Every structure is written in C-alpha cells, then in structure tokens.
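# Topology and contacts: notes
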Amino acid sequence: MKNLFTFKKRSVAIALAVTLVASLSPLAPTNAAAKKSGGELTVGVFNSLLSSCYSPNASNSALGIMRSVYEGLFEQRRDGTLSPNLAESVTPSSDYKTWNFKLRSGIKFHDGTPLDVTALITNIEASRGTYFASVAAKAGLAGALGAAGHTLSSGIPFVANIKAVTPTGPLSAAISLWNGQKDFDETLFASGRQFVRAISDIQNPTQCATAGKGTGPFMFQKLTPTQVVLVRNPNYWRKDADGVQLPYLDKITFNYVNNASQRVKGLKSGTLDAAGFGGGEAKQVFAAKSVKGATLLLSPADYYGWSMFNHAIEPFNNVNARKAVSYAYDANRLFKQFNCYKGTCLGEAPTSIVGKNNIMYNKKSFITYDLAKAKAAAAAYKKDTGKALTFSFPADTSADSQAAAKVFKQMMKAAGITANISTEDTATITAKAFPSPTSGKVNPYQLYPTTLAEGTGTAFTLPFLQSNGFSVPGNQFLGAMGALAPLFGGFGRVINPARFSDKTQDALVWAAQYDTTATRKANLMKLTEYLQSNASVLAGSATQVGWAFNAKVKGYEKFQLAAGGSPKPVSNAGTQWVGVYIEK
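Below: a short report on this structure.

In this section: the overall build of the protein. Across its full length, the protein carries 18 helices and 22 strands. Since a compact globule built from 584 residues should have a radius of gyration of about 25 Å, the 26 Å found for the protein is in line with a globular shape. Expressed as lengths along the three principal axes of its C-alpha atoms, the size of the protein is roughly 105 × 60 × 45 Å. Burial analysis of the protein (584 residues in total) assigns 55% to the buried set. Here the contacts in the protein between residues at least 6 apart in sequence split such that 72% fall between residues at least 24 apart. Just so you have it, the protein exposes about 24200 Å², and 53% of that area is on carbon and sulfur atoms. When the 60 basic and 35 acidic side-chain charges of the protein are each reduced to a single mean position, those positions are 4 Å apart.

Our focus in this paragraph is the pairing of strand β13 (residues 303-309). With respect to burial, β13 is a largely interior element, seven of its seven residues being buried. Alternating positions in β13 separate into two faces, Y303, G305, S307 and F309 on one and Y304, W306 and M308 on the other, with burial throughout. In this structure, β13 lies alongside strand β18 (residues 447-454), joined through seven bridges in antiparallel fashion. Considered in β18, the bridge of S307 is made with P449.

As a further point, take the sheet that holds strand β7 (residues 172-177). Read from one edge to the other, the open sheet built from four strands follows the order β4-β5-β7-β6, with strand pairing classed as antiparallel. In this open sheet, the two strands that pair with only one neighbour each are β4 (87-92) and β6 (162-169). Across this sheet, the average inter-strand angle for adjacent strands is 20 degrees, counted without regard to direction. Bridging between β4 and strand β5 (residues 98-103) involves five bridges; their strand directions are antiparallel. Counterpart to P92 in the pairing with β5 is W99. Lying on the sheet, helix α4 (residues 117-128) is in contact with β5, β6 and β7; it crosses β6 at an angle near 175 degrees.

Judged by pairing direction, the sheet is mixed, and its seven strands sit side by side in the order β8-β9-β10-β1-β11-β20-β12 without closing on themselves. Among the strands making up the open sheet, the edge pair consists of β8 (218-223) and β12 (295-298). Neighbour to neighbour, the strand axes of the sheet diverge by 20 degrees on average, direction disregarded. Across the face of the sheet, helix α3 (residues 60-69) comes into contact with β1 (40-45), β8, β9 (227-232), β10 (251-256) and β20 (546-549) while running at roughly 130 degrees to β8. Across the sheet, helix α9 (residues 260-269) lies against β1, β11 (274-277) and β20, angled at about 160 degrees from β11, the strand it touches most.

As for its placement among the helices and strands, D506 is situated in helix α17 (residues 503-513). Within the buried core, D506 has no salt-bridge partner, and the shortest N-O distance to an opposite charge, that of K503, equals 8.5 Å. Discounting residues that sit within four places of it in the chain, D506 has contacts with Q466 and S467.

Residue P56 follows S55 across a cis peptide bond; omega there is 0 degrees. Tracing the chain through its elements places P56 in the loop between β1 and α3. A cis amide bond links E314 to the next residue, P315, at an omega of 0 degrees. By the element assignment, P315 lies in the loop between β13 and α11 (319-328). Even without a glycine there, the phi angle at S191 is positive, about 55 degrees. Summarising the element assignment, S191 is placed in the loop between α6 (184-189) and α7 (199-203). On the basis of relative accessible area, S191 is assigned to the partly exposed category, the value being 21%.

Judged by nonpolar contacts, the single largest core of 62 residues is most densely connected at F132, W306, M308, L465, L484 and F488. Looking at this core, the elements with two or more residues in it are α5 (130-148), β13, α15 (426-433), β18, α16 (485-493), α17, α18 (520-533) and β19 (538-543). Aside from chain neighbours lying at most four places away, what touches F488 is R128, G129, F132, L152, I156, F470, F477, L478 and M481. In this structure, L297, W547, V570 and A573 belong to the second largest nonpolar core, which totals 34 residues.

Our focus in this paragraph is α9. The periodicity of an α-helix, 3.6 residues per turn, causes residues three or four places apart in sequence to face the same way. Listed as buried for α9 are A260, R263, V264, G266 and L267. All buried residues of α9 lie within an arc of 155 degrees about the axis, which places them on one face of the element. The outward face of α9, more than 90 degrees from its buried face, is lined by the exposed residues K268 and S269. The inward-facing, buried residues of α9 contact β1, β11, α10 (282-289), α14 (399-414) and β20.

Here the structure, examined in full by the defined rule, presents four cavities of 30 Å³ or more. When its volume is computed, the largest cavity comes out at roughly 70 Å³. If you trace the largest cavity, you find it lined by P157, F158, A160, N161, Q181, T187, A459, P463, Q466, G469, Q513 and Y514. Each residue belonging to the lining of the largest cavity can be placed in one class, and the counts come to six nonpolar, six polar and no charged. Counted as a void, the second largest cavity has a volume near 50 Å³.

Note on pairing: side chains with opposite charge can pair once their charged atoms come close. A complete count under the given rule lists 11 salt bridges for this structure. R193 serves as the salt-bridge partner of E454, at 3.0 Å between the closest nitrogen and oxygen. Residue E454 is found in strand β18, and its partner R193 is found in the loop between α6 and α7; the two are separated by 261 residues along the sequence. For E454, a relative accessible area of 4% gives the class buried. Residue E424 is joined to K432 by a salt bridge in which the shortest nitrogen-to-oxygen separation is 2.6 Å. The class for K432 is partly exposed, based on a relative accessible area of 36%.

Here S154 shows up in the loop between α5 and β6. A distance of 2.5 Å separates polar atoms of two side chains, one belonging to S154 and the other to N57. When sequence neighbours within four positions are dropped, the list of residues in contact with S154 reads N57, V494 and I495.

Another point: the packing of helix α12 (residues 331-339) against α14. Interhelical geometry of α12 versus α14 gives an angle of 160 degrees and a closest axis separation of 11 Å. With respect to α14, the element α12 is oriented roughly antiparallel. Classified by chirality, the crossing of α14 by α12 is right-handed. Residue-level contacts link R333, L334, Q337 and F338 of α12 to D400, A403, A404, V407, Q410 and M411 of α14. Residue classes in the contact of α12 with α14 are distributed as six nonpolar, two polar and two charged.

Quick notes on the rules
Residues numbered from 1 in each chain as written. Predicted model: local features only at pLDDT ≥ 70, side-chain atom pairs only at ≥ 80, totals over all residues. Heavy atoms only, no water. Helix = DSSP H or I, 4+ residues; strand = E, 2+ residues; numbered from the N terminus. Rg over C-alpha atoms; globule rule 2.2 N^0.38 Å. Buried < 20%, exposed > 50% of the residue type's maximum accessible area, 1.4 Å probe, protein only. Contact = heavy atoms within 4.5 Å. Areas by Shrake-Rupley, 256 points an atom, 1.4 Å probe, with all protein chains shown as cover. Lys, Arg positive; Asp, Glu negative; His and termini not counted. Charge placed at Lys NZ, Arg CZ, Asp CG, Glu CD. Pairing = 2+ DSSP bridges. Axes fitted to C-alpha atoms, helices over the stretch in contact; angles between N-to-C directions. Salt bridge = Lys/Arg side-chain N within 4 Å of Asp/Glu carboxyl O. Core = buried A, V, L, I, M, F, W, Y, C linked by side-chain atoms within 4.5 Å. Arc of directions from axis to C-beta. 1 Å grid on protein atoms, 1.4 Å probe; cavity = no way out; pocket = protein on both sides within 12 Å on 5 of 7 lines; lining within 4 Å. Points joined across faces, edges and corners; volume = space filled by probe spheres on them. Nonpolar A, V, L, I, M, F, W, Y, C, P; charged D, E, K, R; others polar. Polar contact = N/O pair within 3.5 Å; in protein donor to acceptor, adjacent residues only side chain to side chain. Parallel < 35°, antiparallel > 145°, perpendicular 65-115°, else oblique. Left-handed = near helix turned anticlockwise from the far one by under 90°.

Written out as structure tokens, the structure reads:
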C-alpha cells in the first residue's frame, strides 16, 4: 500500500488508513469464505449406519457419519494424545478418583437447546444406565423399556467405573469413580464413540433413532441403511483461523458400498468424491491410489483384528482347541495375501495381540504358525473330549471377506481341523455377537472374527478382555440397582463376546486398568503374556485403513482442533469432515 500511495500530511494518511481498514476488514472473511464455503460431496463408506441412537453401534466408516453430527468432550491429536473439545478443561484429583470438567460456553444443540451442566449430566446418566433406572423407578420396567430403553447400549460397561456425577456450576461438573483411573479421559473419548446428545434425543426414542440432535457441524437430513444425507449446521460453534464459519460444505451424501471394487469404480467415474477402505482391501486401496488426481491417505496401524474364541461353549472352552487353531493359523500368509499388493502392505502381521504402537504390546508367549504343534494340540483336544476338532465361524457377504474365510478354512484343514463358514450380512453378525441383555441371548458363534481393539492406549482394549465391568473389586453399582441388578449385570457382560470367565485373567485386567502408578506398564505386560500363553484370542494383523479423495477435495490434512493441534488426517472413521472443502 505505501508503494502506491504517498501523502505529505500525516493526518490524511491516517484518515485514509482508517477508511481502508474499515472498508476491507468485513471483506477479508467474506473473500476467504468464497474460496472454501459451499458445495456438496458424495462419499463411499464400507459400513452401514442403521440408527443415530445409542444402539446398534456405528462401526468404522459409519462412525465418521455420527462424528459429523455428534461431538464429544475430547478429540484426539495426531500423536494420540487427547485435546479438550466440548470440554474447555478437565482436571483429575491426585488419586484420579475425581475428574472435574468445565464446558465451553455458547454451544447449542441442533434443536436450539444449550450445552450446559444439565445436558452434560443427563448424557452421562444415560450412558451409564442410571437415566433408564430413574425412569423405571417411576414407570416400572415395562414403561422404562418403552420410554428410555433406547438409551441402553453396549456403551454402559465402558463407563462402569463412574460412581456419581454432580454439578459444580452452570457449565461444570465433577465425576467421581469407584476406582482411580489414570486414563479416564480416554474412557470418555472411547475411540471417538462417546457423544454428547441433546436431551431431546434421550427423551424421544424416534428422534434418537432417525434424526438425532448433536452439537456437530452437520445435521441429519436422511438416514437409511444404504444412504445418509447430512446438511450444514448454520449455527455451528466454530470458525476457522480466517473467521470463516464452519463447516465449509453445504451437504454430504454417504453411500454404503459394500464391495471395495465398486468404491474404486465410483472414484474413477466421479460418482464418488471420496471413499474409505478397510483392512483386507489392500488391492482396492492401491487401485484407488492410481485414480487420476486422487490422493490416498493411510491411518496408523492401530486397529487390531481379533477372532474371539467363545470360551463358554465347545470346542473353545478347551485350551487345546484354542491352541490348535492358533498354531494352524498362518497369520503371515493371510496378511500377505489380503493386506499386501505388489509388494506394498497395509499394517503389520501380528507379533502380539496388539500392534507395536500399543502400550500393551508384548511378544512373549505369542503363538505363531506351527503345523506340527497344531496337529498335536488337535490330537490333545480329541483325547480330552473324544471328538474331532470342528467349529464354525461367520463371514460377511463381501467378496474380500469370503475369500479370506476360505483361505482360513484351508489352513484349518491342513491341521486336520474342520472349519465351517456361516455367511451372513455384517449387521446380522454384529447383532448376534452383541445381543441386547434384554433379549436373554448370548453370543452363539464359536469363533467370532472382528476388529474390536483400537488405539495406542487401553481404554478401548481392556473392557473387551474382562468377564464383567461391574464385578471389579470396589465397584458397588449393581448393589445399588436393586431389582435392576440382573439387567445391568447383563450389560456388564455384553462387550464380552468371548464369554470370558477366567478369574485370573480378570484380576490381571483390573490390576492394570486401575493402576495409577509407574507399575502399570509392567502389569499390562503380564496381562498380555497371560492372554497369549492361554490362546485367549486369535490375533489378526494390526491394520490400517485408507481414504481416497479426488482432486477437488481439500482440507483433510490442515484442520485444527478447537484447543489447538492437528487431528489424525484419517482414521477408521474417515476424516474431520468439518474442515473439508471443495477447491474452486
């Protein structure tokens, strides 16, 4: 500016500067907005979103849809540490038994109601089941199931350690725990699955299921098993560094495309602007990378495939059966066949039940492929029971799942083990493996392949390895539930598809989970070694997921979290769609 205009009188220069600032300041964010704001995207996802309510849980790429509508108290930075999100601050006591939360001010849900301490406490009570219990106290069990049954979910045992939550101010509350827990903030993050909902969601089962209300950047316009449409929340609480109102996009359509090859075709044809790819889809992931103009991003290898032996029924209530299958399973072969393509691999073949980035990682006593030992263990099982080792396992309808299941079956056959494939859709498999405690059912599968454990910590790993989260020494929750104790005891078991009942294993899990001292790492190592020596789970690869974006899609690597720092560019859930824009 000073090269273009020179004035002898300082007063005139000042007057002109003021005029220019006044005239240009409102235009700066407007120009920035014009470059980024507006437009629509179509995204191909590999999981179906069946409901916006508490259950059934959203898996992987469907979780990314939920995370665009709902938000949590925390977000995760690129390095895995947590960052306050809806929470402005969180402070634990020295013994980690009390956690004090303060919410950000001025945030509203999609229904216009404020995010305040009442909303926070109502959400916490709903997530731990005590909201349902309060309704049951007034309306009886049948009445509560109709009015508040939708709040009951597999998330309840994750927060079993919460003793009470009390308000400490209009925007603040204190959560007290039965046992001190150093990573309780990770529990409330739950690998991105713990959301804060409008109270109207908690009070209205229909709204909760079909058009839930969060604080997030997008709102539900349509929700079906094959397609979800989100539209921009015009009152979202965040702006970018240039003062532009977030989110940038007007609309995102998520299409459920089960077969990975069809997602690649969608990217090539332009019917999809972005697409996600799960573990075992290596060929298609690298095919997506070759799409002209596309950018492929890979997540860390922080998703751990576990096939859960059912310890409560034959044949895997026998340790020799579990060891026979574990020795017969050539994990490296399966990994190379389905996670590698033309010499490039996604993730890592297993050398422990968790990946190398996880705090529980320990190679000691990990069972690796040995055909002779597999045959010997199968013979020992037959000696124990008088039966040949036979079992069945489910595989979903996708071509990749069916192909992997057939290879696994061949591995078992080589060891003299008969493995039968049960083909079902993913939603059916999940519903059977995690039945509602109100149904009176349990996981019927003898072996249940899944990807349960995630992350570098333990908050989304240890809960799946215990018999019942409400049985922890010092936890008196069930004792206070009276007639509802059997129901909540059932919820404590709902995230135990392996149907563990090993008291030694429980003691090791809890010793590690609630250790707030420097010995926690050692306790985790003991637990991992014990699980591996007993073939408690069949470990698959530590997998990566991939997300491909066409040339016009930007912003997935530059978005900043509310408290500062960068999130992971992509995860199993996708990207931070709030920061994505269309290049103009």
